Amino acid sequence: QGGVALCWRKSADFEVEEIRAWGPNVMTSQLVTGRNLFYVVGGYIPPSDLTTLAQIQKAWDQCPKGCIPLFLGDLNINLESPWDERDEQIAEECNFRELEDTSRNIRQRRRRRAQGGWTWRMHRGDRWISSQPDYILARQRDRHLFKNVGLKMPRHHDSDHRAVVATIH
């Protein structure tokens, strides 16, 4: 239960380097493109945990000069409406780092399997419960680098999460 995975499609247009684990739920890598160098922090914050947030902060602070920082992961909160003090702390950290959801203001093409803005759901009783705990977060000034951010159902395995997928210029 838990952990983090960052996936990419091999391409001649970019390279992934410097992969490092900062704990069981946090990892970093550098994404090298022709024009930009991205520092990618991937993280999973378990629902009843805040210790992982300290690992994410430590990893974030190691962003090399000249890199564009990104956060990809499962925060286990809805940034649009934090519920409690834990959620507020995570949202405040995102705000402090000037991070915004890259999928906001990008209109997703309608697909039968990816309707709605949820990234997690489960069937409880006779109804579905859903939320958006999964994000690709970037600084406001870097959001223009994302050409497309969308949600996709994983094709080859059963999951209660949809993948957040992005195309970067």
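Since we're looking at a predicted model, the values are computed, not measured.

### Digging into the overall build of the chain
For step 1, the next point in the chain: Tallying secondary structure elements over the chain gives two helices and 10 strands in all.
For step 2, the next point in the chain: When its helices and strands are written in sequence order, the chain yields β-β-β-α-β-α-β-β-β-β-β-β.
For step 3, the next point in the chain: Look at the contacts in the chain between residues 6 or more apart in sequence, and 56% of them connect residues 24 or more apart.
For step 4, the next point in the chain: Working note: accessible area of the chain is about 11000 Å², and carbon and sulfur atoms make up 46% of it.

### So, the side chain of Asp49
For step 1, the next point in the chain: With respect to the helices, strands and loops of the structure, Asp49 is situated in the loop between strand 3 (37-44) and helix 1 (51-60).
For step 2, the next point in the chain: Buried charged residue Asp49 carries no salt bridge. Nearest counter-charge: Arg86, at 6.5 Å.

### Re the state of the cysteines
For step 1, the next point in the chain: Here the structure, examined in full by the defined rule, presents zero disulfides.
For step 2, the next point in the chain: Note on Cys63: no disulfide assigned, nearest cysteine sulfur contributed by Cys67 at a separation of 5.0 Å.
For step 3, the next point in the chain: The partly exposed category is assigned to Cys63, whose relative accessible area is 22%.

### As for the pattern of salt bridges
For step 1, the next point in the chain: The tally for this structure, following the rule as stated, stands at five salt bridges.
For step 2, the next point in the chain: As a salt-bridge pair, Asp87 and Arg86 come within 3.1 Å of each other at their nearest N and O atoms. Arg86 matches Asp87 in its accessibility class, with the two residues each being buried.
For step 3, the next point in the chain: The network of salt bridges with common partners includes Asp61, Glu93 and Arg97.

### Brief notes about empty space enclosed by the protein
For step 1, the next point in the chain: This structure, assessed with the given rule, holds one cavity of 30 Å³ or more.
For step 2, the next point in the chain: Taken as a whole, the largest cavity spans an internal volume of roughly 110 Å³.
For step 3, the next point in the chain: If you go around the largest cavity, the residues you meet are Ile45, Leu53, Ile56, Gln57, Trp60, Phe71, Leu75, Ile90, Glu93, Cys94, Arg97 and Leu99.
For step 4, the next point in the chain: No other element matches the four residues that helix 1 contributes to the lining of the largest cavity.
For step 5, the next point in the chain: Partitioning the lining of the largest cavity into residue classes produces nine nonpolar, one polar and two charged.

### Structural notes on the packing of aromatic side chains
For step 1, the next point in the chain: As enumerated under the stated definition, the model contains zero aromatic pairs in all.
For step 2, the next point in the chain: Sitting above the plane of the Trp22 ring, Arg20 keeps its charged end 3.7 Å from the centroid.

### Comments concerning unusual backbone geometry
For step 1, the next point in the chain: At Asn76, a residue that is not glycine, the phi angle is positive and equals roughly 55°.
For step 2, the next point in the chain: Located in the positive-phi region is Glu98, a residue other than glycine, with phi close to 60°.
For step 3, the next point in the chain: Among the structural elements, Glu98 can be located in the loop between helix 2 (85-96) and strand 5 (99-101).

### Examining the pairing of strand 3
For step 1, the next point in the chain: Judged by how many residues are buried, strand 3 sits mostly within the fold: seven of eight residues are covered.
For step 2, the next point in the chain: Connecting strand 2 (residues 26-33) to the next strand, strand 3, in antiparallel fashion are three residues.
For step 3, the next point in the chain: Alignment of strand 3 against strand 4 (residues 68-74), held across seven bridges, turns out to be parallel. Note on strand 4: the bridge partner recorded for Gly43 is Gly73.
For step 4, the next point in the chain: In this fold, strand 3 hands off to helix 1, which returns the chain to strand 4; that crossover is right-handed.

About the thresholds
Residues numbered from 1 in each chain as written. Predicted model: local features only at pLDDT ≥ 70, side-chain atom pairs only at ≥ 80, totals over all residues. Heavy atoms only, no water. Helix = DSSP H or I, 4+ residues; strand = E, 2+ residues; numbered from the N terminus. Contact = heavy atoms within 4.5 Å. Areas by Shrake-Rupley, 256 points an atom, 1.4 Å probe, with all protein chains shown as cover. Buried < 20%, exposed > 50% of the residue type's maximum accessible area, 1.4 Å probe, protein only. Lys, Arg positive; Asp, Glu negative; His and termini not counted. Salt bridge = Lys/Arg side-chain N within 4 Å of Asp/Glu carboxyl O. Disulfide = S-S within 2.5 Å. 1 Å grid on protein atoms, 1.4 Å probe; cavity = no way out; pocket = protein on both sides within 12 Å on 5 of 7 lines; lining within 4 Å. Points joined across faces, edges and corners; volume = space filled by probe spheres on them. Nonpolar A, V, L, I, M, F, W, Y, C, P; charged D, E, K, R; others polar. Phe/Tyr/Trp six-rings, centres within 6.5 Å; stacked < 30°, edge-to-face > 60°. Lys NZ or Arg CZ within 6 Å of the ring centre and 35° of its normal. Pairing = 2+ DSSP bridges. Right-handed = clockwise from strand over helix to strand, strands pointing away.

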